[in-house]
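Tertiary structure, described
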Amino acid sequence: MSTNEKIRFDAIVVGAGLAGSAAAMVMARAGLNVALIERGRKPGGKNYFGGAIYTHAIQEVLPDFMERRPPFERPVTEAGFWFLSSDGGLTKMMTSGGKLANEPADAYMALRATFDLWWAEQAQKEGAFLIPKTTVTDFIRAEDGRVIGVITDRPDGELYAPVVIICEGVNNLLTQKLGLISHDLVPAHQALAFKQVLSLPMETINARFGLPDAQHGVAASVLGDISLGLPGMGFIYTNKTTISVGLGVMLETLIEYRLKPYEVLQRYLQHPAIAPLVEGGQLLEYGGHLIPEGGWREMPKLYTGGAMVAGDAASMVNALHWEGTNMAIIAGKVAGETAVVAHQRGDFSEQTLARYEEQLREGFILRDMKQYRNFSKFLDTHPQFMDVYPSFLNDALGNFFSAYGKPKRQLFKEIYGSLTGRRPLFKAVGDIISMGRAVLGW
Amino acid sequence: MFHALVAVKQVPDTTNIRIDPETGNLVREGVPAIMNPYDAHALAEAIRWKRQLGGKVTVVSMGPPNFVVTIREAIEMGADRGVLVSDRKFAGADTLATSYVLAETIQAIHEEDPIDVVFFGKQAIDGDTAQVGPGVAVRMGLPIVTYVVKIRELDLERRRIVAERKTERWTEVIELPLPALLTCEKEIAEIPFAPLPDLIRSLRYDPEMWTMSGPLEFDKGQVGVRGSPTIVFKMGTPPLPEAGEKIDAREVGVAEAVKQTFAKADAAGILDTVLGGAR
Amino acid sequence: MTTRRFWAFIEQEEGHAHPVSWELLGVIRRLASQVREEAEAAGDEVVVEGVLLGHNVGHIAQEALCYGADRVYLLDDPVFTHYRNRPYYKTLEEVAQKHEPEVFLIGATTLGRDLAGAVATALRTGLTADCTQLEMGEVKGSPQKLLLATRPAFGGNIMATILCRQNRPQMSSVRPRVFPMPERNPHPQGEIVREAVSVTEEDALSRILEFVRPEGESVNIEYADVIVAGGRGLGTAEGFGLLQQLADALGGVVGASRPCIDAGWIGNAHQVGQSGQTVRPKLYIVAGVSGALQHKVGMQNSDFIVAINTDPDAPIFDVADVGIVGDLYEVIPAMLEQLAARRKARGSGGGHQEVSA
Ligand SMILES: Cc1cc2nc3c(=O)[nH]c(=O)nc-3n(C[C@H](O)[C@H](O)[C@H](O)COP(=O)(O)OP(=O)(O)OC[C@H]3O[C@@H](n4cnc5c(N)ncnc54)[C@H](O)[C@@H]3O)c2cc1C
Ligand SMILES: Cc1cc2nc3c(=O)[nH]c(=O)nc-3n(C[C@H](O)[C@H](O)[C@H](O)COP(=O)(O)OP(=O)(O)OC[C@H]3O[C@@H](n4cnc5c(N)ncnc54)[C@H](O)[C@@H]3O)c2cc1C
Ligand SMILES: Nc1ncnc2c1ncn2[C@@H]1O[C@H](COP(=O)(O)O)[C@@H](O)[C@H]1O
């Protein structure tokens, strides 16, 4: 093929997930000609999460997002922890009101099939060119090793651009190919999350969860007798006419105890406290997905000449909070901005792209990541945490679940403050404290 | 130069179809729309011949504006031109009204740029009728072969095509003069994985939109609901038949369960007739 | 007085009638009887008629009378030696225009489907494909009863009843085996009317160069008396070996659910169900099939259904005459054993048993 037949863009984004579309949006808005490559038939089709999406991150990329009618399910108006005991009991620690009554809400339930599609459409509206049904398999490099394009699985499938942003999600094959991370994530550093989406009439969901209408929704993290006492955590979210329910267990644990994901999920669904909530629901979806839980230590280097990596591919996930979308979006945005700067300078070298990581350090992502670096290790050594009933005071939970972009350390200070001002009520407080140590380094 | 025309329809992926348990209605939300698989294979065959003989492939579809997705997919596979015939007045068409609009459209294209072969899918997987292809052939006065599994010969000079069609009994090898209309089985050709430049071209492609107001004049009485002699009188879920008796082999033992089963079959006069036949 | 004509297309190839033709005559006779009262009140006559095209097929016309036709229009000409779309549809268009049938049914075979769409378009009338239920019923605003044609839609999850208000004939195609075979009357009354044939070889616009007959195994599960069918519950392709043994012992053939075909465990000629064959055997033994709607519609009209499934709540039990909750790998060998014992009993002291049977 002669040179002038080459397909050229100003920037290429790999993966139209949360991070990818955010990056594409920012760059296209700045006038770059952006290719957004997605392996699925449509963005979101194969993507998976719990889930709730936090609006502070969306707002940073799209201040007028509410006018663009995002396909949210219900707002999170009630959030907290549910603790299941092995004798069938359920203790709830939920917050509502306060920050959770904000408009627009801090977080909304969403389904990826509709949300990611909308999110990518916003990138397209800014001028990004979405190329679906195409998988990036490798990079094209200049003589000095700099990335100058990508190779896809299609015939004549090369695409050129001076900067490539990799937002490929947890199966970070390309990130590995770039040498940013040297090995596959090991089972010890990945959780396997699996969930079902069950369809129920709106009124039934309202009645079972004690919600006045579909403008109210519950997001709960479920602990205790859920993963057979093994390190893991469940979740349950109310959508408009469906319930998303699932759990995550460390991959290593599944392997070690020879557990079948489906059996663990069945057991969870049959727990006397959960069964009546999901009873009669028609199964719409069942699937699993890996979550990188290695934390800070597993985070790859975030850039190299001509390329940056953002979102799950860079292990930017907060295991304790089922959070990842917000970090993915912010990281995508910052990577996109960095690419714009690189274009202004006409320099795509490693030195220029280093701005990406510097900017992230200013923000909350990296600080949070560091703070949680001990969390998964803590779960390994304290499996009893999953079986007892740790607790936080109600008002503190409000803070815990409103991820409005403050670094988590600051939030925990607020929580800790209110916690110490009262008498500890639960016998498991010792565990909370050691969890606190793990998380915060108290 | 070869000119093939392929009729393509967009259909819901019926392997994913669900019915709302409360309303009994079809849940369209989240059901992916795809190019009717038979049409995709027919298109693949048309493109294969285009590559072999030189020429072009035009696709035509009748349906709502969101069918552009399917036309773009056809362009991605290698079609050169796409026409979407779309108008509110076409809604509610049965196969007779559909064959009218398609036949008029294909005829108009044929008059401006003569067509050698018109390809249809064997049937659309949403309606499963297999009626539109023969209907268009009748309206256009074209010879037709249905259920084609292979084109043996396509001779533009001698103006003939030899196709294989599969029936329950045998495979027929049929010769037709050109232009001819074929309806195709999936075996006719594998769907190729399109090169990246074709995909990019297709994503930027905007099909021609033909409507009631032009460029063709359609007869109002023959399109949409007005042009459809059939109407849906009612819809329902299939009735449940009465269940028979259940024997739990885990309780009574396998041998006993079989014995009881055979006794019931005997009582119904089944086993004797059957065994009589087996002897 | 007008004559209300109820038509069935009599399908034949190489001088052999397709049995669906007789099934159609059975249905059409029932439909005709549903308007008899109304017709008598209006002083109209109701007749059941068959239309037959072919070459040297007088014997089939005679058979059609035996299966219930009052009259058979016979179009006998060398141009019809083998089925081809154009000569057939043009001729049917012509005879239908001449006699103006009220209802016209065609078998939903490969031949019938090729033909029905063309005829309906030529006559500018409505055609409902693959009907599973047919009735003549009253419809508001219509002076006469209309054909209510019910067919599965949207992957079989919904049944739609379709009617054709104004245009005539009201046409439907009907799959083989959906309706029962009527009794054969060896001494029929009806008449055979030979019609003139106007199409010529030139009108055909097509020539059949060759017939390639399939070699080796060819199954015809459609008209089998006994079918032993298996599903994903077999677990492996080898499971069909066991089913084949049982089928052999019963003089039957093997059927399968779609996932088995998709997995390549067995050829698609064996598929029972909506996208496979509709069957109506005397005995249908089904093992390791959950009983999805799409499978059930293909087999629920069987005379006697035995279902084997480990899951006591499997929906297949809803259509079974006898359901065995158990592992097919235990149940089927037990069946084989007991059948062998029966055969032995028949073979030795069998005379006694047969007399008593
Ligand atoms: C069960 C579960 C529950 C969760 N719950 C929540 C929650 O409630 N709230 C929350 O904020 N976070 C939650 N998370 C985390 C969150 O989903 C992720 O952190 C977030 O989706 C990461 O976004 P991303 O853009 O990095 O990756 P992804 O969303 O995974 O996107 C990657 C995209 O790249 C595409 N792709 C991959 N490789 C290629 C390639 N080679 N070529 C082309 N395209 C490619 C993929 O198809 C995909 O579209 C949850 C995760 C799981 C698994
Ligand atoms: C448009 C459309 C058309 C379709 N057409 C057809 C069609 O024509 N024909 C068709 O069959 N399907 C068709 N399907 C597919 C259909 O919906 C079902 O998916 C299919 O019938 C299921 O096949 P199955 O019962 O073999 O498998 P499954 O549903 O997986 O059932 C397996 C069963 O085996 C049982 N089992 C497992 N082990 C054993 C054992 N050792 N002993 C006894 N029982 C055991 C299980 O309890 C279970 O009930 C169609 C689907 C669509 C959407
Ligand atoms: N609306 C439509 N637009 C284009 N082609 C169609 C349309 N409907 C049917 N067809 C074609 O006709 C074939 C048979 O469709 P059907 O008769 O609906 O089963 C399909 O495989 C298509 O090739």
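Definitions and cut-offs
Residues numbered from 1 in each chain as written. Chains lettered and ligands numbered in written order. Predicted model: local features only at pLDDT ≥ 70, side-chain atom pairs only at ≥ 80, totals over all residues. Heavy atoms only, no water. Axes fitted to C-alpha atoms, helices over the stretch in contact; angles between N-to-C directions. Helix = DSSP H or I, 4+ residues; strand = E, 2+ residues; numbered from the N terminus. Parallel < 35°, antiparallel > 145°, perpendicular 65-115°, else oblique. Left-handed = near helix turned anticlockwise from the far one by under 90°. Contact = heavy atoms within 4.5 Å. Nonpolar A, V, L, I, M, F, W, Y, C, P; charged D, E, K, R; others polar. Patch = residues over 30% accessible without salt bridge, like charges linked within 9 Å, V, L, I, M, F, W, Y side chains within 5 Å. Areas by Shrake-Rupley, 256 points an atom, 1.4 Å probe, with all protein chains shown as cover. Salt bridge = Lys/Arg side-chain N within 4 Å of Asp/Glu carboxyl O. Buried < 20%, exposed > 50% of the residue type's maximum accessible area, 1.4 Å probe, protein only. Buried area = accessible area lost by both parts, 1.4 Å probe. Polar contact = N/O pair within 3.5 Å; in protein donor to acceptor, adjacent residues only side chain to side chain. Pairing = 2+ DSSP bridges.

This part is about the packing of helix α4 (residues 132-140) of chain B against helix α4 (residues 110-122) of chain C. Closest axis-to-axis distance for the α4(B)/α4(C) pair is 8 Å, and the angle between their directions is 45°. Put simply, α4(B) runs oblique to α4(C). The two elements α4(B) and α4(C) meet at a crossing, and its hand is right-handed. Residues Pro134(B), Gly135(B), Val138(B) and Arg139(B) of α4(B) form the contact with α4(C), whose own contacting residues are Asp114(C), Gly117(C), Ala118(C), Thr121(C) and Ala122(C). Here the contact of α4(B) with α4(C) is composed, by residue class, of 4 nonpolar, 3 polar and 2 charged.

A cluster of nonpolar side chains, namely Tyr262(A), Leu283(A) and Tyr286(A), defines an oily patch on the protein surface of about 290 Å² accessible area. For Leu283(A), a relative accessible area of 44% translates into the label partly exposed.

On to the interface of chain C and chain B, then. On the chain B side, the residues contacting the 83 residues of chain C number 79 residues. Of the roughly 7,000 Å² buried at the junction of chain C and chain B (both faces included), carbon and sulfur atoms supply 61%. When the buried surface of chain C facing chain B is broken down by residue, Thr110(C), Arg113(C) and Phe154(C) rank first, second and third, together holding 10% of it. Along the contact surface separating chain C from chain B lie 6 salt bridges. Ionic pairing is found between Arg169(B) and Glu13(C), a salt bridge with its closest N-O pair at 3.8 Å. Our enumeration of links across chain C and chain B arrives at 27 residue pairs in polar contact (both at pLDDT 80 or more). Ranked by the residues each element gives to the side of chain C that touches chain B, the list is headed by helix α9 (residues 328-347) of chain C, at 9 residues. Grouping the constituent residues of the side of chain C that touches chain B by class yields 41 nonpolar, 20 polar and 22 charged. One ladder, built from 5 bridges, connects strand β11 (residues 171-177) of chain B with strand β13 (residues 207-212) of chain C; its direction is antiparallel. By the bridge assignment, Ile174(B) is partnered in β13(C) with Ile208(C).

The subject of this paragraph is the interface of chain B and chain A. With 17 residues of chain B at the contact, the number on the chain A side is 20 residues. With both sides pooled, the region where chain B packs onto chain A buries about 1,600 Å², and carbon together with sulfur makes up 63% of that total. Across the chain B-chain A interface, the total number found is 3 salt bridges. Of the charged contacts, one joins Glu73(B) and Arg41(A) as a salt bridge, the two residues approaching to 3.4 Å between their closest N and O atoms. Where chain B touches chain A, the interface holds 5 residue pairs in polar contact (both at pLDDT 80 or more). Put simply, the parts of the chain that give the side of chain B that touches chain A at least two residues each are β3 (18-19), β5 (33-35), α2 (68-77) and α5 (196-204) of chain B. Element by element, the count of residues in the side of chain B that touches chain A is highest for α5(B), at 6 residues.

Attention now moves to the sheet that holds strand β12 (residues 191-194) of chain C. All names here are of chain C. Taken together, 7 strands build an open sheet; the order of strands is β7-β11-β6-β1-β4-β5-β12 and the sheet is parallel. The open sheet terminates on both sides in strands that have one partner only, identified here as β7 (127-131) and β12. Each neighbouring strand pair of the sheet contributes to a mean axis angle of 25°, computed without reference to strand direction.

Turning to the pattern of salt bridges, a few remarks are in order. Throughout the structure, instances matching the rule amount to 50 salt bridges over all chains. Among the ionic pairs, Arg152(B) bridges to Glu210(C), the shortest N-O distance being 3.4 Å. Here the residue Arg152(B) occupies a position in strand β9 (residues 144-155), and Glu210(C) occupies one in strand β13, the pair thus bridging two chains. Here Arg152(B) falls in the partly exposed class, since its relative accessible area comes to 38%. The class for Glu210(C) is partly exposed, based on a relative accessible area of 36%.

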